[in-house]
Structures are given as structure tokens and as C-alpha cells.
Amino acid sequence: MQNFNFLFNSNQIHYNIRTKAAICGPRKSGKTTLLSIIAEQLLTEIAINGFWKNTVLYCLDMEDCGPIFDDFKALYIFFIEFSLKAIVLQRPELTPHLSMLVKFFGSIFEFTNAPKLKKIFSSKPQFQKFSLNCEDLVIFFSRLWNNNETHILFYTSIFQIPSLLANAAGLTNIFLFVDNVEYAQAFVHDDLDFGQEINVYDVFSLLLERVNYIITCEEQLEMFDCLDSKTELISTFQLNAQTQYPEKQLIVKYEFEQSEKETVNIGKRRRYENEL
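Quick notes on the rules
- Residues numbered from 1 in each chain as written.
- Predicted model: local features only at pLDDT ≥ 70, side-chain atom pairs only at ≥ 80, totals over all residues.
- Heavy atoms only, no water.
- Helix = DSSP H or I, 4+ residues; strand = E, 2+ residues; numbered from the N terminus.
- Buried < 20%, exposed > 50% of the residue type's maximum accessible area, 1.4 Å probe, protein only.
- Areas by Shrake-Rupley, 256 points an atom, 1.4 Å probe, with all protein chains shown as cover.
- Salt bridge = Lys/Arg side-chain N within 4 Å of Asp/Glu carboxyl O.
- Core = buried A, V, L, I, M, F, W, Y, C linked by side-chain atoms within 4.5 Å.
- Contact = heavy atoms within 4.5 Å.
- Pairing = 2+ DSSP bridges.
- Lys, Arg positive; Asp, Glu negative; His and termini not counted.
- Axes fitted to C-alpha atoms, helices over the stretch in contact; angles between N-to-C directions.
- Parallel < 35°, antiparallel > 145°, perpendicular 65-115°, else oblique.
- Nonpolar A, V, L, I, M, F, W, Y, C, P; charged D, E, K, R; others polar.

(A) Highlighting the overall build of the chain. Each helix and strand counted, the chain has ten helices and eleven strands in total. Counting the 276 residues in the chain, one finds 48% classified as buried. With an accessible surface of roughly 14,900 Å², the chain has 49% of that area assigned to carbon and sulfur atoms.

(B) Structural detail: the pattern of salt bridges. Within this structure, the stated rule accounts for one salt bridge. E135 is the partner of K116 in a salt bridge, and the nearest nitrogen-oxygen pair spans 3.9 Å. Taken as a pair, K116 in the loop between α4 (98-106) and α5 (119-122) and E135 in helix α6 (residues 128-145) lie far apart in primary sequence, 19 residues in all. A relative accessible area of 9% places E135 in the buried class.

(C) Main features of the nonpolar core. In terms of nonpolar packing, the biggest core is built from 65 residues, with F105, Y155, F159 and F204 touching the most fellow members. Here this core gets ten residues from one element, more than from any other, and that element is helix α3 (residues 72-90). Once residues lying within four places of it in the same chain are set aside, the contact partners of F105 are Y76, I80, L84, C134, L137, V138 and L165. Counting residues in hydrophobic clusters, the runner-up holds 13 residues, among them L34, A39, F51 and F177.

(D) Representation of the pairing of strand β8 (residues 212-217) in the model. β8 sits mainly inside the fold: six of its six residues count as buried. Where burial is concerned, the two faces of β8 agree: the one with N212, I214 and T216 and the one with Y213, I215 and C217 are both buried. Pairing analysis gives five bridges linking strand β3 (residues 20-24) to β8, with the strands arranged parallel. Residue pairing in the sheet places A22 in a bridge with I215 of β8. Alignment of strand β5 (residues 173-179) against β8, held across four bridges, turns out to be parallel. Considered in β8, the bridge of F177 is made with I214.

(E) Geometry of the side chain of D179. Residue position: D179 is located in strand β5. Look at D179: it is buried, it has no salt bridge, and the nearest opposite charge is K31 at 6.6 Å. Discounting chain neighbours no more than four positions away, the residues touching D179 are T32, L35, L60, D61, M62 and T216.

(F) Focus on the packing of α6 against helix α7 (residues 151-158). The contact between α6 and α7 brings their axes to 8 Å, and the two run at 140 degrees. By the angle between their axes, α6 is oblique relative to α7. Contact residues: α6 offers F140, F141, L144 and W145, while α7 offers H151, L153, F154, S157 and I158. Of the residues belonging to the contact of α6 with α7, the class tally is seven nonpolar, two polar and no charged.

Structure follows, in C-alpha cells:
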């Protein structure tokens, strides 16, 4: 990418992430490839600026959780594991305790009253604040799950887990990469709450309101009816490929629409060893 930065210096001291974007285009048009390019540049920028210390990056393929959208328990555990694994990359001291933490959050399905974390973990000074925050979250989710009248709120809150756990770990800057977001265009029913229908994308969009994100999708009009009005469009419809290079090299040119008046041309040359 050229002439575009994800980070801006708002007060000459602290950097902030400033991205809400959607990559739109048909299948096989380079959306996932472009998403990887953008993620690579963001990682480079936060490393150079020292911004990584308070930043967590989530990378989610919505197709992976699509089959369990209607299984409240499985979806909850999926987002707990997904979120904790990303946080552990930023807080490596939590690595030996990852499986214990996943089991702790899953205990809401085994006990009516939320349990406490083991003291061998929670009593350590470096984990005390995080432990208290995690216990508060387990109490919150346990109360929702064990009340048939709040299952819709439980389901809605599942999609907030990446943000809730990041804040619990003291990571204030959250960046979410989501591929194949069109799989969230689904409806599920809660049999315990009078069979009420839930629009998965509607509850997922609540998470997007709280974080910085770049998502990929095929159906531009449907997605933008739900997205933040400040979401910027990266279209792969204008992809140009040239194959005159002997070693299977692809040159891709994208247009990044930053505003109505400003357009940034993004070029990236990638080498592929396999067939395109």
C-alpha cells in the first residue's frame, strides 16, 4: 500500500487506530488476499510505533462459526477460545493457563452459581485484576444463561466476547479482521424464549460498533445497509492482473476510497509458487 496509514497521531504522543472498512467483490476477486495485505501493513505499523502493547488483533473467518450459529453453547465456547487465544499472543504469561480459563468460562453450563478462579492463579499479582474481571464476566454470562427470559441477551452478548475479554486484559485497542462476513446473514431461533428469531448479522454488527475492523463480503448493498455510516469501501471489482512475468507473478491494483474527494491507489506485487 502507498500513501495510507492506519495509525494517526492525535496529540503528538499517543497513536490511535482509525479503520472501519469493508472489502467488497465477487468470489475469487482477491478479497482475502487484500485482507492479508492490509493485516500485514497494520502489523508493521503497530510494531514500528510501539502501538502493539495495548492492541489485540482478532482474525475471524465467519464461515468457521457459521455451522454453530444455532448452538448457543458451542458458539459461546467458540468465541471464548477464539478471543483468549488472541489475547494470549499479547499476554504470553497467560499461555500456561489458557485451557484452565476456557474451562472456567465454560463452567456456566455446569453450575447455577458462577464459580471462582483457582487461587493459585488469581492470587498472583500480575493476574489479580484480570482474574477479577474474568469472574465478573462469568457471573454476567451465568445469570443470562440460567434465566430462560434472557437467552436472547445471552446470544447477543456472545458476539461481544472479543471486546469484553480484551478490556478485561487491559487491551484498549481492538482490531478485527473478518473474512466471509456474508455467512452472518442468517437467522436462528431460541426455543427457550418463545421461539424468537434472531438475526445473526444484527447482533454481530453490535460488536463492529465497538471496534476497528476490516471485513470482506460479496453483497455490497446488503452489508452497507447494516454497517456504520463511516465504513469505507475497498472494492475488488477494479482488479487488474498482468501475467507477462515468467515466474507467475501477479500485480494487483486496488482503489481505496477514503472519502468522496480523495482516492488512494493501492498496489501490491505478490509472488505465487502455485497456480493462481
